[in-house]
Amino acid sequence: MSSRPILIVDDEKNIRLALSMSLEKLEIPVETAASGEEALEKLGQGEYELMLLDLRMPGLDGMEVLRRVSQQLPELKVIIITAYGSIDLAVEAMKLGAVDFLQKPFDANQVREMVRRILEKPREAHGYWDYLALAKERINEGYFDVAGVYAQKAVFLNPGRPEALNLLGGIAESQGNRREAEEYYRAALTRYPHYTAAKLNLERLARSPYNREGIVWD
Amino acid sequence: MRTFRQKIFIGYGASLVLMVLILAWAMFMILRLGRASESILRENYRSIQAVEHMIDAVERQDSAVLLYLLGYQEQGLKEFRENEPAFLQWLGRARDNITITGEKEIIDSIEQSYLKYLKEVANLHLKGASDQPGAVNLYHESILPLFRSTRDTCIKLREINHETMYAASNRAGRLSLQAVLSMAVIGSLAVIIGVIFSLFLSRLISRPVTELKEAALQIAEGNYEVQVPARGAAELALLAEQFNQMAEKLRKYHEMNIGKIIAEKLKSEAIIQSVDDGIIVVDDSLVINSINPKAALIFGVHKDSLLGKHFFEAVRDERLFHLLKQSVESGSAPQLKEGEDIFTITSEGGSQHYQFSIIPMQSQAQAIQGVVLHLRDITRLRELDRLKSEFVLTASHELRTPLTSVSMAVDLLLESAAAKLTDKERELLAACHEDVHRLRALVNDLLDLSKIEAGKLELAFERVQPAFLFDQALAVVKPQAEAKNLELKLEAPPDLPLVKADPNKIVWVIVNLLANAVRHTPEGGHIRVKGERVGGQVHISVADDGEGVPYDLQSRIFDKFVQLKRDGAAGGSGLGLAICKEVVRAHRGTIWLDSTPGQGSTFTFTIPTAD
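Computed from a prediction, not measured in an experiment: that's the story for all the values here.

## Notes on the domain arrangement of chain B
The domain architecture assigned to chain B consists of domain 1 (4-197), domain 2 (222-274), domain 3 (276-377), domain 4 (384-453) and domain 5 (462-608). Taking only C-alpha atoms, the centre of domain 2 of chain B and the centre of domain 5 of chain B are 64 Å apart.

Below is the structure:
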């Protein structure tokens, strides 16, 4: 595993402490920053493998830090920390280059698992198919909103492929949003006109009476 | 006072007497007529008969005289003598039957001339034997004129009797005419009197009855002041008196009722006007009958300007109008789902929300009298609800950061520091860990519920075997149930239809209900999961024989933060059933509780079948 340190950015002292202590077990050096400004300063001075970044901070907030970092340090992997339920922010952050996101409240094991998983591969390895797999995993667990974030990330990474769009359609349908689902399925078919899953889903969607059962995920 | 019967009897009796009088008069007239004709026949006929015989006798004697003169003296004499007594006998009869003035004188002159005749005939007989020519001469000179005189006088007698007869006949004719005329006059008089009498009588009888009829009609029309004069026959007078009493009682009863009705009306009017909710009362054609100041305020109009107007004219809301109309037509309150009974008015000052209910007014005869529309202002309640939700959301958001650090700190301590602690301290840390997890679950539940309430529940519907749901849920709860030595039983027929559900969410609901049952059932108790098909739904129930739910809590058991207070044992977040309710509702089902405190509880919910 990499010897470069992990940077934890959170305005809450107790979170910083808890995060650094839980990551100590991975035997990776951990540094902390209490604000966006401090984080940028530290990033300018040294090299970091990974940054855990809280989106909600006074002053320079996490999103702004992320925006700057993604331009200046494209190699840095960023995991953002969002509040439970703030899915829109998570999607935006993922599009800005974050590799993953943590929802508060979380526990030590969750953090360690995620950090370990991300550190295992180089940044480039976090590609379309990885997020697609993550999305399917979350769909199977019933966490549609989390799955949606990964699928959005996948689309962002490779807009030319239909699978992630089809997943987004299925997620939208599960959340009761037919119109949005139809748009996603159509988008998937414009990428690959013979993509069976999207075709079947679209056909079922157009059928009367409408039946939400039997979404084809891939 | 005469009775009705007497009156009728007297009335008809009078007519009868009149008829008897007329009859008597007619009989008298007929008798008189008959007597007149009879006397004519008897008296004059006898006289005429006598005269005829006298003429016959005298003519035969004359012939006998001529016979004598012709030389048959013996034969003539004999014939003459034979007829002499006949003449005298009939003369005597005529004398016995003098009925007419002047008749006696005529009979006297007949007698005198006949006696002279007899004398002359005797002279002839003395002379005749010797002196034939002298006898003939004598005959011509004295006998013949005497004979003629006698006969003529007899004829005269006959004439006079004929005349008398004729006169009598004329008199009888006159009498009969007189009888006919008098009968006609008296008869017509009797008829006129009878008719007048009948009219009078019928009026006499019918007038009180007619008065009664008129009075009854008046009462039927609601005029209870009417009184009938007590007159006429005794029975009618009594009837009228009793009728008046009845009318009086009716009037009092009516007044009492009217008083009651007015009091009731005033009462309800006062209630309607004073309540703080909007109330509009419409009749069966949706015309506004009553409206209170609050309702007028709600619709921004003056109260009195709405009375008598059609509902739609006053309140331009199609949905309310249709619901009211439907209620009037069906006679029952419209079935509204939760949340559908809200009526919103948006104005410059913001939105006002009203919860409405529609109550049809039905009389005992099942006729719809009208409908009451009740509007409760829930704007403030809604605002409070919104503020509360906002607060809960913000609070739980704010709770998450410290909770995360506490949670992680405890976890880390348990990982690394546990070895250095005493058993007691480790126990303390474990308790801390347990409660932090409960706190996390609570915060997550709160957020989930907020999302569900905001209509953001994500459901992945599938066609699912209910058996699959039961197995999943039972597997989760089994360890807990075994730890408490509870019997878990599944009662579901193998042919239950597929249901349309998000299996994860429904399993979660069943697990939640089972966990509650495990928590509230003492050791050794029984828990039963049951599935059955009811129409297009599958009913799933979880029953236990635990402590049950107190009655005062039953109606609120599905509300947030409602839970049974128990000593010691760790409870849930108080949100489980609230989330269950929301999940079931998102499946278009319902959930309810049947419970008797001390005997156990049965939670039942429905999900639609897949077909």
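## Observations concerning the environment of K136 of chain A
Residues and elements named next belong to chain A. Its location among the elements puts K136 in helix α6 (residues 128-141). Overall, the relative accessible area of 27% leaves K136 in the partly exposed class. In contact with K136, other than residues within four places in its own chain, are L167 and D218.

## Observations concerning the pattern of salt bridges
All names here are of chain A. This structure, assessed with the given rule, holds 35 salt bridges over all chains. Between E182 and R186 there is a salt bridge, and its shortest N-O distance comes to 3.0 Å. Of the two residues, E182 and R186 both sit in helix α9 (residues 178-191), 4 residues apart, roughly one turn of that helix. Taking the relative accessible area as the measure of exposure, E182 reaches 31% and is therefore partly exposed. A network of salt bridges, in which partner residues are shared, links R4, E47, E49 and K77.

## Topic: the pairing of strand β1 (residues 6-9) of chain A
Residue and element names in this part refer to chain A. Of the two faces of β1, both are covered, the one formed by I6 and I8 as well as the one formed by L7 and V9. In the sheet, β1 pairs with strand β2 (residues 30-33) via 4 bridges, with the strands oriented parallel. Bridging from a neighbouring strand, V9 pairs with A33 of β2. One crossover worth recording links β1 to the parallel β2 by way of helix α1 (residues 13-24), and it is right-handed. Strand direction decides the pairing type here: β1 and strand β3 (residues 50-54), joined by 4 bridges, are parallel. When the sheet's bridge partners are listed, I6 is paired in β3 with L50.

## Topic: the environment of M246 of chain B
Residues and elements named next belong to chain B. Residue placement: M246 occurs in helix α5 (residues 234-274). The exposure class assigned to M246 is partly exposed, which follows from its relative accessible area of 41%. Through-space distance from the C-alpha of M246 to that of Y224 is 9.7 Å; in sequence the pair is 22 residues apart.

## Describing the nonpolar core
If you look at the biggest cluster of nonpolar residues, it comprises 80 residues, and the most contacted ones within it are M51 and I80 of chain A. Looking at which element gives the most residues to this core, the answer is helix α7 (residues 144-157) of chain A, with 8 residues. Counting contributing residues per domain, this core is built from domain 1 (6-126) and domain 2 (131-206) of chain A, each supplying no fewer than three. In contact with M51 of chain A, other than residues within four places in its own chain, are L7, V9, L43, V65, V69, L76, K77, V78 and I79 of chain A. The next biggest cluster of nonpolar side chains, apart from the first, holds 47 residues, and it includes L449, L513, V518 and L575 of chain B.

## Overview of the environment of F321 of chain B
Residues and elements named next belong to chain B. With respect to the element layout, F321 can be found in helix α9 (residues 318-330). A relative accessible area of 15% means that F321 is categorised as buried. In the structure, F321 is positioned 231 residues away from W90 in sequence and 129 Å away in space, judged by C-alpha atoms. Residues in contact with F321, not counting those within four places in the same chain, are L286, H310, F311 and F312.

## Points about the interface of chain A and chain B
Counting residues at the interface gives 28 residues for chain A, matched by 25 residues for chain B. For the pair chain A and chain B, the two sides together bury roughly 2400 Å², of which 55% comes from carbon and sulfur. Applying the counting criterion to the chain A and chain B interface returns 4 salt bridges. With a shortest N-O distance of 3.6 Å, K25 of chain A and E415 of chain B are connected by a salt bridge. Between chain A and chain B we count 3 residue pairs in polar contact (both at pLDDT 80 or more) in total. Partitioning the side of chain A that touches chain B into residue classes produces 11 nonpolar, 8 polar and 9 charged.

What counts, and at which threshold
Residues numbered from 1 in each chain as written. Chains lettered and ligands numbered in written order. Predicted model: local features only at pLDDT ≥ 70, side-chain atom pairs only at ≥ 80, totals over all residues. Heavy atoms only, no water. Domains from an automatic or database assignment. Helix = DSSP H or I, 4+ residues; strand = E, 2+ residues; numbered from the N terminus. Buried < 20%, exposed > 50% of the residue type's maximum accessible area, 1.4 Å probe, protein only. Contact = heavy atoms within 4.5 Å. Salt bridge = Lys/Arg side-chain N within 4 Å of Asp/Glu carboxyl O. Pairing = 2+ DSSP bridges. Right-handed = clockwise from strand over helix to strand, strands pointing away. Core = buried A, V, L, I, M, F, W, Y, C linked by side-chain atoms within 4.5 Å. Buried area = accessible area lost by both parts, 1.4 Å probe. Polar contact = N/O pair within 3.5 Å; in protein donor to acceptor, adjacent residues only side chain to side chain. Nonpolar A, V, L, I, M, F, W, Y, C, P; charged D, E, K, R; others polar.

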